[in-house]
Amino acid sequence: MEMWLKEAQIKDAAMTYKVKETLVRKKTNYQDLTIVDTEAFGRMLLLDGIVQTTIADEYVYHEMITHIALNTHPNPEKVLVVGGGDGGTIREILKHSSVQKAVLCEIDAEVIKECKKYLPEISCALEDERCEIFIGDGIKYVHEHKNEFDVIIVDSTDPFGAAEGLFGGSFYREISDCLTKGGIFVAQTESPFYLPDVVKRVYKDAKDVFPITKLFMAGIPTYPSGFWSFTMGSKKYDPENADISDKPELETKYYTKKLHKACFVLPKFVENLTC
Ligand code: SAM
């Protein structure tokens, strides 16, 4: 019998995936965790029934949440990831030879454990000696570390439950204090098609804190609407005007130096959210 998984992307629209095998399904202290193998996208991690990452399209998200910020900063040495327990963002960060230490602050140890077991293509860098894993709440971690990281990446679940406090002004102020002088912050900030109010609010909140605030986009097939936003706050360096010509070429499938500039060109309805 065929098995199909249905993911409600909003209240009235859903995506379905043909499932080959369910590899793990459990309740952690924080969420329902499922990893399935699908026909179209390969293995897939879901938290509370929402797709987090898939083998087929994870590179878009992980490259874009990482390389725009790390290539904009002239010398990123210490990087913090809040969330990101699948390890894809850490894998991309460690492609930058300037990085001496990448801290992963993930609230749910089970995500890391199961991704190491079932998604090795994504989690492979979590064993790297430059990666330090801290299990705990990112809000508390950021509050307790001042002036420490050159780049902070908020690779979180949607703005509900444990991740709710990771979207908004008071957290961005703490992030700013946790960053070094020329520090850069970037976060995944949802679909402007389905959640324009969230995108607009988050952008405004970041703009109230950071002298340079930019929104950029990427096309991610398995994320709601396929059209995804990232918000970046920077104390000093402008990603659109940064001279990245001398930055080493990275082994990527989506990010290019041309795209580094082009991704900030927004469709009108998205641009309107930043006014
Ligand atoms: N790429 C993903 C997306 O946009 O769907 C995010 C993937 S990653 C698995 C998200 C992680 O954020 C989850 O593992 C979740 O446990 C973690 N998380 C949520 N709230 C958190 C918090 N307050 N502190 C640290 N980690 C958190």
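Structure's up top.
Since the model is a prediction, treat every value here as computed from it, not as a measurement.

Caption draft 1: Here's a closer look at helix 3 (residues 109-118). Every buried residue of helix 3 is listed here: Val111, Glu114 and Cys115. All buried residues of helix 3 project into a common sector of 100 degrees when viewed along the axis, lining one side. Contact partners of the buried residues in helix 3: strand 2 (13-27), strand 3 (32-38), strand 4 (42-47), strand 7 (101-106) and helix 4 (120-123).

Caption draft 2: Expanded view of the site of the ligand. Among the 25 residues in the neighbourhood of the ligand, the closest are listed as Gly83, Gly85, Ile107, Gly138 and Ala162. Class assignment for the residues of the shell around the ligand results in 11 nonpolar, nine polar and five charged. Shared between two domains, the shell around the ligand holds at least three residues of each, these being domain 1 (3-54) and domain 2 (58-274).

Caption draft 3: Structural view of the pairing of strand 10 (residues 179-188). Strand 10 sits mainly inside the fold: seven of its 10 residues count as buried. In terms of strand pairing, strand 9 (residues 149-155) meets strand 10 through five bridges, oriented parallel. Of the residues in strand 10, the one forming a bridge with Ile152 is Phe185. Crossover handedness for the path strand 9 to helix 6 (residues 169-178) to strand 10: right-handed. Judged from the five bridges that link them, strand 10 and strand 12 (residues 227-234) form a sheet pairing that is antiparallel. Directly across from Ile184, in strand 12, lies its bridge partner Ser234.

Cut-offs and rules
Residues numbered from 1 in each chain as written. Predicted model: local features only at pLDDT ≥ 70, side-chain atom pairs only at ≥ 80, totals over all residues. Buried ≥ 20, exposed ≤ 12 C-beta atoms within 10 Å, placed from the backbone. Helix = DSSP H or I, 4+ residues; strand = E, 2+ residues; numbered from the N terminus. Arc of directions from axis to C-beta. Contact = placed C-beta atoms within 7 Å. Near = placed C-beta within 6 Å. Nonpolar A, V, L, I, M, F, W, Y, C, P; charged D, E, K, R; others polar. Domains from an automatic or database assignment. Pairing = 2+ DSSP bridges. Right-handed = clockwise from strand over helix to strand, strands pointing away.

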